[in-house]
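Here's the letter readout for the chains.
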Amino acid sequence: MIPLPYTAGILLAATGLPVAAQEERAEVPDSRKIVIAHRGASGYLPEHTLPAYAVAHGMGADYIEPDLVMTRDGRFICLHDIHLEATTNVEDVFPARAREDGRWYAADFTVDEIGRLEATERLNGRFPKGVGRFRVPTFAEMIELVQGMNRSSGRNVGIYPELKAPAWHRAEGLPMEEALLRVLDRYGYRQPGAPVFVQSFEPESLKRLRALGSKLPQVLLMAEVEQYQRFLSPEGIAGIADFADGIGPAKTMIERCRDLVVWARKAGLLVHPYTFRADQTPSRYENLTDEIRSHLFGFGVNGVFTDHPDVARDAIDWY
Ligand code: G3P
Ligand code: CA
């Protein structure tokens, strides 16, 4: 299915089909149109660093996303991969600590050892590598930063943590779900209406969180790969509501199948697609603002993961 340009999306909205739902829905946690700062303001500063999270807060993000992996001593750190070499200088600092497959795994290092690494931006053409000094933060540090800025700004920005590879971590002797709930509880994220969404690509992990008693908002991530095909029907989407409050599909999944949003809404699920990037805007859109508005107000999604939260903030506030 060909994606609608922004203007066509507006016309579609006027028909009453997949229209933006601004109304409050009591059964879902946060049904506003939301800006989710993807890996912080990662379009401007190295992903998953405290400066990137701070800038995202200042740019008006509603939620800030840390991806989470675990260290050998059972601490959460903010990192996209289970491996360290793509975004740190681990190969220089710990040259002999790779596994037989030639990769450096965060799960083989203590949190103190991780603290000795320098973090760099992953994508070329963004914040230059080797400039400045950035660290890999712990999840606790991330939360304390957000809560501190909430206090100093009078805002209530939420957190949107993603458990990365929870089945793999469990097999390594590092169960994530129990640990996540302990950390969230310690920082006051306990009730269904708490400013948090817990996300994962693994449905079993979200189900485990529910089995552990969590009532916190949850989002199932979906990618354009075989394992998520079973969800791409009205019945498949409805089944997700048994263990989640929303879906986080790749944005192209919505462009190919606009009914996804309709099915999700019928099932009472929010839709938060990823990832909207100013430097990777598809040529079928005029610019990032056009792309974001097409999704939010044309296709009718409820929020967007974006590396450029300032653009998304303006796209919503000036619409
Ligand atoms: O969590 C939403 C999005 O970030 C999923 O993709 O690979 O960037 O974590 P990834
Ligand atoms: Ca993520």
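Everything below is about the structure shown above.
Summary of the structure given here. (Residues numbered from 1 in each chain as written. Chains lettered and ligands numbered in written order. Predicted model: local features only at pLDDT ≥ 70, side-chain atom pairs only at ≥ 80, totals over all residues. Heavy atoms only, no water.)

**A closer look at the coordination of the calcium ion (ligand 2)**
What counts is decided by this rule: Donor selection uses N, O and S atoms within 2.8 Å of the metal (3.2 Å for Na, K and Ca). Since no water is included, sites may look incomplete. Geometry is assigned from the angles between donors: four donors with all angles from 85 to 135 degrees make a tetrahedral site, four or six donors whose opposite pairs exceed 155 degrees while the rest stay between 65 and 115 make square planar or octahedral sites respectively, and everything else is labelled irregular. Helix numbering and strand numbering both begin at the N terminus, where a helix is a DSSP run of H or I of at least 4 residues and a strand a DSSP run of E of at least 2. Whether a residue is buried, partly exposed or exposed follows from its accessible area with a 1.4 Å probe, protein chains only, as a fraction of its type maximum: under 20%, in between, or over 50%, in that order.
The protein atoms that coordinate the calcium ion (ligand 2) are Glu65 (OE), Asp67 (OD) and Glu162 (OE), at distances of 2.1 to 2.4 Å. Around the calcium ion (ligand 2) sit six donor atoms; with metal-centred angles ranging over 62 to 158°, the donor geometry is irregular. Binding-site remark: the calcium ion (ligand 2) is held by donors from one chain whose sequence spacing is E-x1-D-x94-E. One end of the pair, Asp67, is in strand E3 (residues 67-70); the other, Glu162, is in strand E6 (residues 162-163), and 95 residues separate them in sequence. Here the two residues Asp67 and Glu162 agree in accessibility, since each one is buried.

**Some points on the packing of helix H2 (residues 50-58) against helix H5 (residues 139-153)**
Selection rule: Here an axis means a line fitted to C-alpha atoms, over the contact stretch when the element is a helix, while the angle between two N-to-C directions is reported on a 0 to 180 degree scale. Should an angle fall under 35 degrees it is called roughly parallel, over 145 degrees roughly antiparallel, and 65 to 115 degrees roughly perpendicular, with every other angle called oblique. Put simply, a crossing is left-handed when the front helix is turned counterclockwise from the back one by less than a right angle, and right-handed when it is turned clockwise. Throughout, a residue-residue contact means that at least one pair of heavy atoms, one from each residue, lies within 4.5 Å. Any residue that is not Ala, Val, Leu, Ile, Met, Phe, Trp, Tyr, Cys, Pro, Asp, Glu, Lys or Arg is counted as polar, Gly included; the first ten are nonpolar and the last four charged.
Two elements in contact, H2 and H5, have axes separated by 10 Å at closest approach and are oriented at 30°. Considering their axes alone, H2 and H5 lie roughly parallel with respect to each other. Along this stretch, H2 crosses H5, giving a crossing that reads as right-handed. In this structure, H2 contributes Leu50, Tyr53, Ala54, His57 and Gly58 to the contact, and H5 contributes Glu141, Met142, Leu145, Val146, Met149, Asn150 and Ser153. Looking at the contact of H2 with H5, its residues break down into seven nonpolar, four polar and one charged.

**What about the environment of Phe305?**
Tracing the sequence through the fold places Phe305 in strand E11 (residues 303-306). In sequence terms Phe305 and Ala37 are 268 residues apart; their C-alpha atoms lie 6.0 Å from each other. Aside from chain neighbours lying at most four places away, what touches Phe305 is Ile36, His38, Glu65, Tyr160, Gln199, His272, Pro273, Tyr274, Thr275 and Phe276.

**Considering unusual backbone geometry**
What is expected of a backbone is that most residues other than glycine have negative phi and most peptide bonds are trans. The amide bond that connects Tyr274 to the next residue, Thr275, takes the cis arrangement and shows omega of -15°. Note that Thr275 resides in the loop between strand E10 (270-271) and helix H12 (288-299). Positive phi, close to 60°, is recorded for Arg39, a residue that is not glycine. By the secondary structure assignment, Arg39 is in the loop between strand E1 (34-37) and H2. At Ala165, a position not held by glycine, the phi torsion is positive, near 50°. Along the chain, the position of Ala165 falls in the loop between E6 and helix H6 (166-171). Residue Ala165 is classed as partly exposed on the basis of its relative accessible area of 25%.

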